[in-house]
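Structural overview for review
Residues per chain are reported as follows:
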Amino acid sequence: MAIKHVTDQNFTEETSKGLVLADFWAPWCGPCKMIAPVLEEIDGEMEEKVQIVKLDVDENQETAGKFGVMSIPTLLLFKDGDVVDQVIGFQPKEALEDLINKHA
């Protein structure tokens, strides 16, 4: 599965089933650019366990506000539509894998 770009309109639907890692980001954010290749790697290696979605906070402020996102990147882990974990800022690949495996 490829990483999906989601919007305010389809965010709830895209995070409602299974394990979904949502990346709240913006194009101007340096740490967001640093974490993008890490998420691509995880998507390629763990696609059976987790779907990764990206939400541009500049274009989708409603969803970012709903989840209280103040700093980016913020990664929220959803399980069947409920937030089960959250990390803020750049994270190494191993930390994100551990986070996903803890809830898989």
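Look up: the structure comes first, before these words.
The following refers to the structure shown. Note that the coordinates shown come from a computational prediction; the quantities given were computed from them, not determined experimentally.

**A look at the environment of E41**
Topologically, E41 is positioned in helix α2 (residues 30–45). Between the alpha carbons of E41 and D80 there is a distance of 23 Å; along the sequence they are 39 residues apart. Here the side chain of E41 touches K93 through a polar contact of 2.9 Å, side chain to side chain.

**Notes on the sheet that holds strand β4 (residues 74–79)**
Read across the open sheet, the 5 strands follow the order β1-β3-β2-β4-β5; overall the sheet is mixed. Both edges of this open sheet fall to β1 (4–6) and β5 (82–88), since each of them pairs with a single strand only. Adjacent strand axes in the sheet meet at a mean angle of 25°, parallel and antiparallel pairs treated alike. Strand direction decides the pairing type here: β4 and β5, joined by 6 bridges, are antiparallel. Bridge assignment links L75 to a residue of β5, and that residue is V87. Taken strand by strand, α2 contacts β2 (19–25), β3 (51–56) and β4, and its axis lies near 155° from that of β3. Taken strand by strand, helix α4 (residues 93–103) contacts β2, β4 and β5, and its axis lies near 165° from that of β5.

Rules behind the numbers
Residues numbered from 1 in each chain as written. Predicted model: local features only at pLDDT ≥ 70, side-chain atom pairs only at ≥ 80, totals over all residues. Heavy atoms only, no water. Helix = DSSP H or I, 4+ residues; strand = E, 2+ residues; numbered from the N terminus. Polar contact = N/O pair within 3.5 Å; in protein donor to acceptor, adjacent residues only side chain to side chain. Pairing = 2+ DSSP bridges. Axes fitted to C-alpha atoms, helices over the stretch in contact; angles between N-to-C directions. Contact = heavy atoms within 4.5 Å.

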